[in-house]
Amino acid sequence: MILALALEGTISKMEILSAYLCKIYWGHGIYGIQSASKFYFGKHISLLSLGECAMLAAMIPAPELRSPFRDSSRGKTFQARVLKRMVEFGFLDVDMAGIAVKQPLILNSGSPDHSDGLLVISASSQVHSGMNTTCDRGLFSTIKRIWDWETESKIWEVKEDMERWATGVKRLGSINGSQVQFRRSFFS
């Protein structure tokens, strides 16, 4: 406890959080947030969407279990939980959380767990029904998304649950301002 207080006295909580995120395990042998961003989404961390960031944040407690490569519907389930918590703590409004949960999570097809070149898309989307991707021989081909009824139904349930929750939050009004201020002071 004394060491924690001394550390907090020398560097800010944001610096501690940043150092933590750069060192922790993200599943599949990956350490550090930048490596996780490249592995799961194939892009630099600064290019991640709100929904993608929420999914990564949701993986922290159990990266192997919550990996969207293990079960793509889990990615959306835990993403929705993180977005709800962000709304409850006043870091995000209900409408933005709803938009983020409706966006598809397009996972990196170049990861070792998906060396077959198939894209894992964890939300229904007409826009992403076909994608150009590189096969292992360097040839380009269009790979159609494979419809997985069980996964897609779980994802729709997550979306519907989020909409019901958002409606309830809107109906009850905004969160008490003093409660939000107290929670935000933790990070300042």
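Here, every reference points to the structure presented above.
Here the structure is a predicted model, which is why all the values come from computation and not from measurement.

Cut-off values and rules
- Residues numbered from 1 in each chain as written.
- Predicted model: local features only at pLDDT ≥ 70, side-chain atom pairs only at ≥ 80, totals over all residues.
- Heavy atoms only, no water.
- Core = buried A, V, L, I, M, F, W, Y, C linked by side-chain atoms within 4.5 Å.
- Buried < 20%, exposed > 50% of the residue type's maximum accessible area, 1.4 Å probe, protein only.
- Helix = DSSP H or I, 4+ residues; strand = E, 2+ residues; numbered from the N terminus.
- Contact = heavy atoms within 4.5 Å.
- Salt bridge = Lys/Arg side-chain N within 4 Å of Asp/Glu carboxyl O.

Quick look at the nonpolar core
Soluble globular proteins tend to bury their nonpolar side chains together.
No. 1: One finds Leu83, Val87, Ala97, Val101 and Met162 to be the most contacted residues of the largest nonpolar core, which totals 16 residues.
No. 2: Secondary-structure elements contributing two or more residues to this core are α4 (50-59), α5 (72-88), α6 (94-102) and α7 (149-172).
No. 3: By residue number, the principal contributor to this core is α5, which donates 5 residues.
No. 4: Look past the residues within four positions of Met162 in its chain and what remains in contact with it is Ala80, Leu83, Lys84, Ala97, Gly98 and Val101.
No. 5: Ranked by size, the runner-up nonpolar core spans 15 residues in total, among them Ile30, Met59, Phe69 and Leu107.

Remarks on the pattern of salt bridges
A side chain of one charge can pair with a side chain of the opposite charge if their charged atoms are brought near each other.
No. 1: This structure, assessed with the given rule, holds 7 salt bridges.
No. 2: As a salt-bridge pair, Glu52 and Lys43 come within 3.1 Å of each other at their nearest N and O atoms.
No. 3: When its relative accessible area of 6% is taken as the criterion, Glu52 is described as buried.
No. 4: Look at Lys43 and you get partly exposed, because its relative accessible area is 24%.
No. 5: Put simply, Asp161 and Arg164 hold a salt bridge, and the shortest N to O gap is 4.0 Å. Residue Asp161 and its partner Arg164 are located together in helix α7, separated by 3 residues, close to a single helical turn.
No. 6: Judged by its relative accessible area of 54%, Arg164 is exposed.
No. 7: Several salt bridges share partner residues, and in doing so they unite Lys84, Asp161 and Arg164 into one network.

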